[in-house]
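Residue-level structure breakdown
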Amino acid sequence: MNKSKIEFCENCIIVIFCSILPLIYTKSLFDPTQTSQLFTGLILLLIVHLLIVYKQKQPCFQFGYIDFLFFSYAIFSMISLIKSVDISISVFELCKIFFLYSTFKVFQYLLLYRSPVKSVIFISITIHIIIQCLIAGYQIFNKLTIVKYDVRFLGTMTNQNIFSACLLLSLPFIFITLQSTRLSLRILSGSALLLNFLFLIIAQTRSVWVGCALGFLMIVILLFYNKHIFRIISLFKANRITILFMSAIFFLLLTVLLKNEWSQIYSHLISLKNFDSNGRYTIWQKTASIISNNFILGVGPGNWRFHVPVINHIAFQRPHNDYLWVFAECGIFALLSYIGILGLSLYTIVRNLKYSKRINTSILYCLLFGFIGYCTDSMFSFPKERPYLLILLALLLAFTFSTTPQKILFKVSPRFFAGILLPATVFSLYFCWNRMVAEYINKKIIMQSNQGPLAKMKLINSIKPFYYAADPFSNPVKSLEGSIWTELGNLGNAKQCYREAYEMAPLNPEILINLGSILEISSDRTSARKYYNKALAIEPWNSQALLNLAVIEYKDGEKEKAADLVKKVDPNSIAGRENLVTQYEILKSSLRL
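Quick caveat, the model's predicted, so the values are computed rather than measured.

1. As for the overall build of the protein chain
The number of helices and strands found in the protein chain is 25 helices and two strands. Looking at the protein chain as a whole, 56% of its 593 residues qualify as buried. Partitioning the intrachain contacts of the protein chain with sequence separation of at least 6 by distance along the chain shows that 76% fall at a separation of at least 24. Of the roughly 26,200 Å² of accessible surface on the protein chain, a fraction of 64% belongs to carbon and sulfur atoms.

Right, here's the structure in full:
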């Protein structure tokens, strides 16, 4: 394979990375946009590794301070495994850290030694954003209603927060493409920019809006401070026709779509309801208590969810703050390394804006905007969780540390580099594959409820716990196994499974209620009462726990306590659940309520 063919293959893979990968959306079969996207990304990464080392007589990989910060972040995250509740989730999180670093290094190498790569990346991301916005637009207008702001349009990003973060992180690359000398590319990037801003407004994701505002503000300050304002003005003059045309279309569409809804946008932007006791503020308080008890090592990567109870009817999977998330799960040293990666990137850009005269300053300003947007979004959301957002972050890092002067500590050959990263890539692929299989089996058992318990048990026994001990919504597989043993009438095995599930997720009310039910059937009402009370301490409104505890109190002659519990049950919460409705009516009749 000659050099031109290798470069062609690399360019094709970059197009897949930047434009096709985010379109992998598996709905109910897997956890959307996580396992399947990471697995696909790792395959592409493996191919690029092999292409780089195939008959290559190329310059070496460069290692600097940013690499040591990545290694520190990974090492401290690995050390925190000793505190992990679910090792399968922890290893999966470590695979994502490796994926981010390896993607960054591969793109850095390609940017340094493959000249066409830059334009391929810019064009791929620009096309991808147009596709994402068209998909999101179809999802909205397919409802045949005027656009409302409670519509959960997704694109292919699971929810609008992640979709908005995708739009935000793609802006730097669209801005750079807008500077092209080719009119067709300027029109393409202008169209992407128009759609990007339009859907950012429709999405109303405040963390992204704040990120955009801070990014533009910092750019304006640095433009005047570094006396680059005239360069940017000349850039806008060169593209004034395209910019004016796209701006006119943008405001026309905005007027048609939003009509008189501007007041809703304004009230949403200034509203703090998601930061009060019903939202992030409470989550952050709970996270702070976890940090205080696990300051050095954290609770293990991906294990925050097992230490936070249900808050106001919602079982949160993450604290909606990446910095607190890293701190709580991996400890103070991992947090410092993570902040160091972002801080060093910002410092490198700002330093080179001031001192370097050899670099295209407009590219640096675009990169600065991207990093400020990412850091701001990380304060209120969770961009580090999603593989595609990691790809965009890796691209920002690669451009920063390949287009700006930096101190190189040492160099290694591509083959040596691949010798280190290829085994990790292969292991991650193997792990993700087994996790996808296990997740598919788990979803199959839940969705196909008509199959017999023996068939379910056969399926669940094929799940290997090292790869998948709990589903993405923190329900341990052992809990599902316990329900199957209950179906089969083996209460001893069911009790053991529920106890193992309880050890993994002691704050899961469903597990507590199931364990209490098994103990109640086994005539151990004292222990059953204890678990029902634990469930109510987490979810005071849980109808099943209230009714089950009321039955125990009634049997023990505590009719007043039973009546108080039944009065707390919301009839609307049990609508459609025949067993609970029957239990509720019997108790009301017996207690004469």
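2. Overview of the side chain of H320
Here H320 shows up in the loop between helix 12 (280-293) and helix 13 (322-330). On the basis of relative accessibility, which here comes to 13%, the residue H320 falls in the buried class.

3. Re the packing of aromatic side chains
For the structure on display, the rule yields 24 aromatic pairs. On the basis of an interplanar angle of 50° and a centroid distance of 4.9 Å, the ring pair of F216 and F369 is categorised as tilted. Taken together, the positions of F216 in helix 8 (residues 206-225) and F369 in helix 15 (residues 361-380) put the pair 153 residues apart, joining distant regions of the chain. With a relative accessible area of 36%, F216 lands in the partly exposed category. Ring centres of F431 and Y467 lie 5.5 Å apart, and the angle between their planes is 55°; this geometry places the pair in the tilted category.

4. What about helix 25 (residues 578-591)?
Along its 14 residues, helix 25 runs 20 Å from first to last C-alpha, staying within 8% of the 20 Å computed at 1.5 Å per residue. Contact partners of the buried residues in helix 25: helix 23 (543-555) and helix 24 (559-567). Phi turns positive one or two residues past the end of helix 25, at R592, with a value near 55°.

5. Describing the pattern of salt bridges
A complete count under the given rule lists eleven salt bridges for this structure. Note that K478 is salt-bridged to E500, the shortest N-O span being 3.7 Å. Residue K478 is located in helix 19 (residues 477-488), and its partner E500 is located in helix 20 (residues 491-504); the two are separated by 22 residues in the primary sequence. Its salt-bridge partner being E553, residue R529 comes within 3.4 Å of it at the nearest N-O pair. Of the two residues, R529 sits in helix 22 (residues 525-538) while E553 sits in helix 23, which places them 24 residues apart along the sequence. Overall, the relative accessible area of 22% leaves R529 in the partly exposed class. Its relative accessible area of 8% is what places E553 among the buried residues.

6. Quick word on the side chain of S428
Turning to its location among the elements, S428 is positioned in helix 17 (residues 414-447). For S428, a relative accessible area of 2% corresponds to the buried category. Not counting residues within four places of it along the chain, the set of residues in contact with S428 comprises L42, C95 and F98.

7. Focus on helix 17
In this model, helix 17 (34 residues) spans 47 Å end to end at C-alpha, consistent with the 50 Å of a helix rising 1.5 Å per residue. Of all the bends in helix 17, the largest measures some 30° and sits at L421, one to four residues before the proline P423.

8. Quick word on the packing of helix 8 against helix 15
Viewed as axis vectors pointing N to C, helix 8 and helix 15 meet at an angle of 145°, and their least axial separation amounts to 8 Å. Judged by the twist between their axes, the crossing of helix 8 over helix 15 is right-handed. Contact residues: S207, V208, V210, G211, C212, L214, G215, F216, M218, I219, L222 and L223 in helix 8; Y365, L368, F369, I372, G373, T376, D377 and F380 in helix 15. Residues of the contact of helix 8 with helix 15, tallied by class, amount to 14 nonpolar, five polar and one charged.

9. Focus on the nonpolar core
Proteins that are soluble and globular tend to have nonpolar side chains buried together. Counting residues in each nonpolar core, the largest one holds 127 residues, and the members touching the most others are F17, F104, I121, F173, L395 and L397. Apart from the residues within four sequence positions on either side, I121 is in contact with I14, C18, F107, L111, F173, L395 and F399. Listed in part, the 53 residues of the second largest apolar core include I445, A470, A528 and V566.

10. Quick notes on a nonpolar patch on the surface
Together, V210, L214, L217, M218 and I221 make up an exposed nonpolar region whose accessible area comes to about 400 Å². Within the fold, L217 resides in helix 8.

11. Points about unusual backbone geometry
At H320, a position not held by glycine, the phi torsion is positive, near 55°. Of note, the phi angle at S523 is positive, near 70°, even though the residue is not glycine. Inspection of the secondary structure puts S523 in the loop between helix 21 (509-521) and helix 22.

12. What to know about the packing of helix 6 (residues 160-177) against helix 8
Between helix 6 and helix 8, the shortest axis-to-axis distance is 9 Å and the interhelical angle comes to 25°. The angle between helix 6 and helix 8 places the two elements in the roughly parallel class. Here S164, A165, L168, L171 and F175 of helix 6 come into contact with helix 8, specifically with V208, C212 and F216. Looking at the contact of helix 6 with helix 8, its residues break down into seven nonpolar, one polar and no charged.

13. Digging into the environment of T205
Mapped onto the elements of the fold, T205 is located in the loop between helix 7 (183-203) and helix 8. A C-alpha to C-alpha distance of 9.8 Å links T205 and S381, two positions 176 residues apart in sequence. Not counting residues up to four positions away in its chain, the partners in contact with T205 are Q160, N161 and S164.

14. What to know about the environment of I349
With respect to the helices, strands and loops of the structure, I349 is situated in helix 14 (residues 332-355). In this structure the C-alpha to C-alpha distance between I349 and F401, which are 52 residues apart in sequence, comes to 9.0 Å. Setting aside chain neighbours within four positions, we find I349 in contact with L364, L367, L368, F371 and T400.

15. Things to note about the environment of Y225
Topologically, Y225 is positioned in helix 8. Sequence separation between Y225 and K354 is 129 residues, and the spatial gap between their C-alpha atoms is 8.7 Å.

What counts and how
Residues numbered from 1 in each chain as written. Predicted model: local features only at pLDDT ≥ 70, side-chain atom pairs only at ≥ 80, totals over all residues. Heavy atoms only, no water. Helix = DSSP H or I, 4+ residues; strand = E, 2+ residues; numbered from the N terminus. Buried < 20%, exposed > 50% of the residue type's maximum accessible area, 1.4 Å probe, protein only. Contact = heavy atoms within 4.5 Å. Areas by Shrake-Rupley, 256 points an atom, 1.4 Å probe, with all protein chains shown as cover. Phe/Tyr/Trp six-rings, centres within 6.5 Å; stacked < 30°, edge-to-face > 60°. Expected span 1.5 Å × (residues − 1). Salt bridge = Lys/Arg side-chain N within 4 Å of Asp/Glu carboxyl O. Bend = angle between axes of the 7 residues up to and from the residue. Axes fitted to C-alpha atoms, helices over the stretch in contact; angles between N-to-C directions. Left-handed = near helix turned anticlockwise from the far one by under 90°. Nonpolar A, V, L, I, M, F, W, Y, C, P; charged D, E, K, R; others polar. Core = buried A, V, L, I, M, F, W, Y, C linked by side-chain atoms within 4.5 Å. Patch = residues over 30% accessible without salt bridge, like charges linked within 9 Å, V, L, I, M, F, W, Y side chains within 5 Å. Parallel < 35°, antiparallel > 145°, perpendicular 65-115°, else oblique.

Keep in mind these values describe shape, not function.
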